[in-house]
Amino acid sequence: MFIRQTKTRNKASGDAYTTFRLVASERVGQQVRQRTLLNLGRQFDLPQPDWPVLCTRVEQILTGQSSFLAASAAIERHAQRLASRLLAASPAAVREVGNTEDFVEVDVESLQLTHPRSVGVEQVALAAMGWLGLPEILSQLGFNGIQKAVVQALLVGRMADPASELATWRWLKERSALSELLEVDFEAIGLHRLYRVSDLLVRHRQEIEQALFARIDDLFHQVDTVTLYDLTNTYFEGTATQNGKAARGHSKEKRTDCPLVTLGLVLDSSGFVRRSRMFAGNVAEASTLQDMLRGLKAPTGAMVIMDRGIATEANLLWLKTQGYRYLVVSRERTRLFDPEQSVEVTTAHAETLQIQRVLSEDGEEVRLYCHSQSRAQKEIAITARFVQRFEGGLAKLSAALQKPRGKKHRDAIMARIGRLQEQSHGIGQHYLVTVTPDPENPQRVQAVSWEQKPKGGSMFTDPGIYCLRSNETTWDEATLWRTYTLLTDVEAVFRSLKSELGLRPVYHTREDRAEGHLFITVLAYQVVQVIRARLRGHGLHHGWSRLREILSVQQRVTATFRQRDGRTLHVRKATVPDPELREIHTMLNLPSNPGGIKKQTI
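Just so it is clear, the structure is predicted and the values come from calculations on it, not from any experiment. (Residues numbered from 1 in each chain as written. Predicted model: local features only at pLDDT ≥ 70, side-chain atom pairs only at ≥ 80, totals over all residues. Heavy atoms only, no water.)

(A) Seen up close, the side chain of R81. Locating R81 in the fold gives a position in helix 2 (residues 73-89). Its relative accessible area of 9% is what places R81 among the buried residues. (Helix = DSSP H or I, 4+ residues; strand = E, 2+ residues; numbered from the N terminus. Buried < 20%, exposed > 50% of the residue type's maximum accessible area, 1.4 Å probe, protein only.)

(B) Local environment of the pairing of strand 6 (residues 260-268). For strand 6, a buried count of nine out of nine residues is recorded, marking the element as mostly surrounded by other parts of the structure. Burial along strand 6 is two-sided: the residues L260, T262, G264, V266 and D268 and V261, L263, L265 and L267 are all buried. When strand 5 (residues 226-235) meets strand 6, the two strands line up antiparallel, connected through nine bridges. Within strand 6, the position partnered with Y229 by the bridge is V266. Pairing of strand 6 with strand 7 (residues 273-280) involves seven bridges; the strand directions are antiparallel. Following the sheet pairing, T262 is matched in strand 7 by F279. Counting the residues that bridge the hairpin from strand 6 to strand 7 gives four residues, and of these G271 lies at a positive phi of roughly 95 degrees. (Pairing = 2+ DSSP bridges.)

(C) Representation of the packing of aromatic side chains within the structure. Per the counting criterion, the structure on display carries six aromatic pairs. By the ring-pair criterion, three or more aromatic residues cluster together here, those being F20, F44 and W51. Just above the ring of Y235 sits the side chain of R255; from NZ or CZ to the centre is 4.4 Å. Against the face of W131 rests R534, its NZ or CZ located 4.1 Å from the ring centre. (Phe/Tyr/Trp six-rings, centres within 6.5 Å; stacked < 30°, edge-to-face > 60°. Lys NZ or Arg CZ within 6 Å of the ring centre and 35° of its normal.)

(D) Region of interest: unusual backbone geometry. Each neighbour pair has its own omega, and for R504 with P505 the value is -15 degrees, a cis peptide bond. The backbone phi angle of N589 is positive, close to 60 degrees, even though this residue is not glycine. Mapping N589 onto the fold places it in the loop between helix 18 (579-588) and strand 18 (598-601).

(E) Local environment of the environment of I584. Assignment of secondary structure puts I584 in helix 18. The exposure class of I584 is buried, given its relative accessible area of 3%. In this structure the C-alpha to C-alpha distance between I584 and T434, which are 150 residues apart in sequence, comes to 69 Å. Sequence-distant contacts of I584, defined by excluding residues within four places in its chain, comprise L535, L540, L547, I550 and L551. (Contact = heavy atoms within 4.5 Å.)

(F) Representation of the sheet that holds strand 11 (residues 352-359). Sheet architecture is open: nine strands sit in the order 7-6-5-8-9-15-12-11-10, paired in mixed fashion. Each end of this open sheet is capped by a strand with a single partner; those strands are strand 7 and strand 10 (342-346). In this sheet, adjacent strand axes meet at a mean angle of 25 degrees when their direction is disregarded. Where strand 11 and strand 12 (residues 366-372) come together, seven bridges link them in antiparallel fashion. By the bridge assignment, R357 is partnered in strand 12 with L368. Those strands touched by helix 9 (residues 205-220) are strand 6 and strand 7, and its axis lies near 155 degrees from that of strand 7. Packed on one face of the sheet, helix 12 (residues 373-401) meets strand 12 and strand 15 (465-470) and runs near 70 degrees to strand 12. (Axes fitted to C-alpha atoms, helices over the stretch in contact; angles between N-to-C directions.)

(G) Structural view of the sheet that holds strand 2 (residues 16-28). Ordered in space as 1-2-3, the three strands form an open sheet in which the pairing is antiparallel. Whereas interior strands pair on both sides, the edge strands pair on one side only; in this sheet they are strand 1 (2-9) and strand 3 (31-41). Each adjacent strand pair in this sheet contributes to an overall mean axis angle of 45 degrees, direction not counted. Here strand 1 pairs with strand 2 via eight bridges, running antiparallel.

(H) Spotlight on the environment of A492. Here A492 shows up in helix 15 (residues 487-500). Residue class for A492 comes out partly exposed when judged on its relative accessible area of 34%. Along the sequence, A492 and Q152 sit 340 residues apart, while their C-alpha atoms lie 24 Å from each other.

(I) Spatial organisation of the pairing of strand 9 (residues 325-329). In terms of burial, strand 9 is a largely internal element, five of the five residues being buried. Residue alternation in strand 9 divides its side chains into two sets, R325, L327 and V329 and Y326 and V328, and both sets are buried. Here strand 8 (residues 303-306) runs beside strand 9; their pairing, made up of four bridges, is parallel. Pairing of M306 across the sheet is with V328, part of strand 9. Handedness of the crossover joining strand 8 and strand 9 through helix 11 (residues 313-321): right-handed. (Right-handed = clockwise from strand over helix to strand, strands pointing away.)

Right under this line is the structure:
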């Protein structure tokens with residue numbers, strides 16, 4: 001066994017390049033021929049003087065021998081990888097033996113368990129990609145075999161061990177059996193191949209999203225007339241100076257110390273993504289709607305549900321002219337509610353909600369003034385905290401006036417009162433603050449007093465009330481409210497993207513690479529949703545974090561024995577699934593031994 005360096009040419013471009021191969025000499029009749037065992041690719045970085053030691057160490061691993069002199073870490077790493085590939089590629093390997101019995105006599109003390117690699121998440125994820133037809137979609141877009149495998153690896157990595165593309169690359173090489181399931185040697189693929197494939201995904205974003213959603217429609221027979229739209233943002237580690245869309249803004253994760261980027265999602269009522277887009281971190285939410293919905297080919301009269309940040313009058317007018325219905329949170333600040341004109345609706349959490357329906361004078365729009373007791377209790381507690389803080393500040397200011405060295409200058413006192421009002425979260429508007437000047441010196445303050453003057457129609461006077469508005473005037477209160485609650489599913493999607501699938505943080509400095517990171521996460525989410533939808537059909541409602549815990553237990557390992565006749569037996573297979581995992585395999589109609597059983601005797 002030795003390594004041969006071979007010069008060859010690319011048939012398409014004609015460019016010459018050097019490739020490395022692991023070969024073995026064998027006698028065929030009267031001739032000695034060299035047989036290629038493995039193609040090591042172009043990027044074989046082990047120095048040539050170490051090649052004989054590497055080949056010797058590979059033979060020792062395959063025959064179950066120990067090395068008298070320990071090899072270097074680099075040689076040992078290469079040797080273990082090549083031995084594993086030889087076992088997987090052996091023509092004597094058996095993919096699936098079923099109930100076939102095969103008895104051999106071995107030395108139990110010689111047992112070694114090597115090369116453990118995770119396979120549970122990988123098997124389910126690849127199956128879901130197959131249901132979605134993702135490999136076929138990529139082929140139609142011109143992706144070659146390696147590029148398709150890298151796309152699948154990026155998505156599986158984001159599902160199994162969510163992190164950056166760099167971390168996914170390491171995970172593929174060191175901890176995953178995905179290379180066995182796809183029959184691709186990811187250890188020979190460089191990191192920049194992952195980045196270039198990410199660039200390709202971004203380039204074909206629109207075609208991929210359209211094809212995937214069409215396939216989802218076919219799988220689940222959805223006739224959907226509801227469109228959900230919302231935005232979130234995530235933060236960068238580092239300054240991201242080369243990214244034109246990285247900007248400071250209002251961080252929904254309180255990371256005001258980092259530049260941000262915004263992700264906009266259009267979803268259907270089942271939580272599947274129809275369209276995604278990356279915006280600048282400081283983008284005005286209302287300015288993104290038309291760009292996201294234009295060309296979406298939503299059904300005539302589809303209803304768009306969105307939050308107050310996007311529901312400007314201009315956007316609502318545009319939705320009307322485009323033939324959309326809308327259901328949004330009103331941006332108006334005045335709270336109006338008449339309990340006597342309301343009806344009661346029971347929520348999924350057994351809470352009684354009071355809803356007052358008000359039709360506009362022209363009859364083209366309806367408003368729902370909703371009162372929630374739990375929301376009222378929350379807002380009362382919030383208001384009480386701000387009241388305590390505001391009155392405490394005024395009391396401290398008043399007490400200082402009674403001290404000999406306390407500040408008494410009128411301008412300073414007015415400035416402090418202004419700061420208290422600014423920091424009161426709107427509570428200051430409900431107070432009349434009186435500043436009494438010193439009779440002897442009008443530039444000095446003698447006393448500060450205050451009293452509550454509540455303004456009606458606010459959270460202070462009418463807690464627990466919010467307003468929905470819609471141009472769908474034929475639905476009753478309960479139907480409109482329950483339809484609006486679908487928007488809470490978008491928040492669940494964002495939580496899944498950020499917490500379960502590694503959307504945050506972004507490490508890339510380039511704009512296209514940051515966009516690729518976000519799009520890979522969105523694609524991984526689509527795959528997760530397909531898996532969860534299939535399992536929900538069987539009554540299993542676990543979130544992805546719990547499913548990943550169950551799936552990740554299963555590993556593929558190689559068991560090596562020394563036989564009585566002196567030969568070495570290698571058996572590679574997956575561990576026996578736990579009952580929970582076996583149940584999932586049954587629900588999804590998947591084999592319980594992913595990758596099958598492979599055997600080789602040397």
